[in-house]
Amino acid sequence: MERSFVYVIIGGGVAAGYAALEFTKKGVSHGELCIISDESVAPYERPALSKGFLLPEGIRLELSVAFSFPPARLPGFHTCVGANEEKLTPNWYKEHGIELILGTRVESADVRRKTLLTSTGETITYKFLIIATGARATRLEEIGITGSDAENVCYLRDLADATKLVTMMGKCTGGNAIVIGGGYIGIECAASLVINKMHVSMVFPGSYCSKHFQPSCLH
Ligand SMILES: Cc1cc2nc3c(=O)[nH]c(=O)nc-3n(C[C@H](O)[C@H](O)[C@H](O)COP(=O)(O)OP(=O)(O)OC[C@H]3O[C@@H](n4cnc5c(N)ncnc54)[C@H](O)[C@@H]3O)c2cc1C
């Protein structure tokens, strides 16, 4: 199967969601834009995953009512609610004629022929390609340790990771957790674990958390 688009965005994260909104503001025509994402849901506000998403249900709902936030569950935090813009649900993409190809990885790109090959075996051609593949968490295996697939090992990068972490916190209330990483995400994650009544130890190489953000670094 082969499909053609004027614009193709590889990656269905924060940048893709915000770009889609801008494309519609500039008047992109139906059928011109396609987003290919290996995640199974439409673009969402990834920062929510280490914040509201990890809070116990009662606190999450209370905050949502008190501050009139959408609840930190999809479809509540699809882009672009983080910027007080429209919430781009799957239906929004349909109504604007934007093709969302989800759960599909771009395996290779031939930039001379302007052709992509996806994990479902589909060939997709484009006139303009936007690469918005973001970043990823370092896997244990990359630092010489095995065990990423263990039930009690969680990463925090995408919705599937955060959902697994919520499940684990539910099963292990009162238990011990170790957070590897002392940057923003590690700190937010540790705070959420504490709120979920876990005992938390953090491991990071510097002498304090968020070392890179010390005021001295600004000079
Ligand atoms: C837990 C967490 C909390 C954060 N909190 C904050 C915060 O408070 N403030 C802040 O400013 N930033 C925060 N960030 C960072 C912010 O989320 C990122 O800067 C932002 O998501 C980057 O957007 P992006 O679209 O470039 O990449 P991403 O949002 O990572 O999206 C990339 C997408 O591309 C997909 N993809 C990758 N390769 C392929 C491929 N070959 N084929 C198809 N799809 C592919 C990925 O699955 C993903 O869906 C946080 C990040 C995380 C993980």
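Residues numbered from 1 in each chain as written. Predicted model: local features only at pLDDT ≥ 70, side-chain atom pairs only at ≥ 80, totals over all residues. Heavy atoms only, no water.

- Going by an unreviewed UniProt entry, the chain carries the name Monodehydroascorbate reductase 4, peroxisomal and comes from Tanacetum coccineum.

Re the sheet that holds strand 3 (residues 33-36)
Reasoning step 1: Strand order in the open sheet formed by four strands is 4-3-2-8, and the pairing between neighbours is parallel. Looking at the sheet topology across the chains shown, the edges are occupied by strand 4 (99-101) and strand 8 (128-131). Geometrically, the sheet is characterised by an average inter-axis angle of 15° between neighbouring strands, direction not taken into account.
Reasoning step 2: Relative to strand 4, strand 3 runs parallel, the two sharing three bridges. Paired with Ile 36 across the strands is Ile 101, a residue of strand 4. (Pairing = 2+ DSSP bridges. Helix = DSSP H or I, 4+ residues; strand = E, 2+ residues; numbered from the N terminus. Axes fitted to C-alpha atoms, helices over the stretch in contact; angles between N-to-C directions.)

Observations concerning the UniProt feature "domain: FAD/NAD(P)-binding" (unreviewed entry) in the chain
Reasoning step 1: The UniProt entry lists residues 7-204 under the feature "domain: FAD/NAD(P)-binding" (unreviewed entry), expressed in the numbering used here.
Reasoning step 2: The annotated region residues 7-204 carries 27% helix and 19% strand content, and the separation between its end C-alpha atoms amounts to 41 Å. (UniProt positions renumbered as here; feature names shortened; annotations may be inferred.)

Some words on the site of the ligand
Reasoning step 1: With respect to spatial proximity, 24 residues lie near the ligand, and among them Asp 38, Glu 39, Arg 46, Lys 51 and Arg 157 are the closest.
Reasoning step 2: Between the ligand and Arg 46, the relevant distance is 2.7 Å, taken from an oxygen atom to a side-chain nitrogen or oxygen of the residue.
Reasoning step 3: Within the contact set of the ligand, a nitrogen atom lies 2.9 Å away from a backbone nitrogen or oxygen of Val 106.
Reasoning step 4: Coverage of the ligand by the protein amounts to 73% of the 990 Å² it exposes when considered alone.
Reasoning step 5: Structurally, the ligand is housed in the second largest pocket.
Reasoning step 6: Looking at side-chain class alone, the shell around the ligand contains 10 nonpolar, eight polar and six charged residues.
Reasoning step 7: Counting the residues that make up the shell around the ligand, at least three belong to each of domain 1 (2-43 + 78-131) and domain 2 (140-214). (Near = heavy atom within 4 Å. Polar contact = N/O pair within 3.5 Å; in protein donor to acceptor, adjacent residues only side chain to side chain. Areas by Shrake-Rupley, 256 points an atom, 1.4 Å probe, with all protein chains shown as cover. 1 Å grid on protein atoms, 1.4 Å probe; cavity = no way out; pocket = protein on both sides within 12 Å on 5 of 7 lines; lining within 4 Å. Sits in = over half its atoms within 2 Å of the grid points. Nonpolar A, V, L, I, M, F, W, Y, C, P; charged D, E, K, R; others polar. Domains from an automatic or database assignment.)

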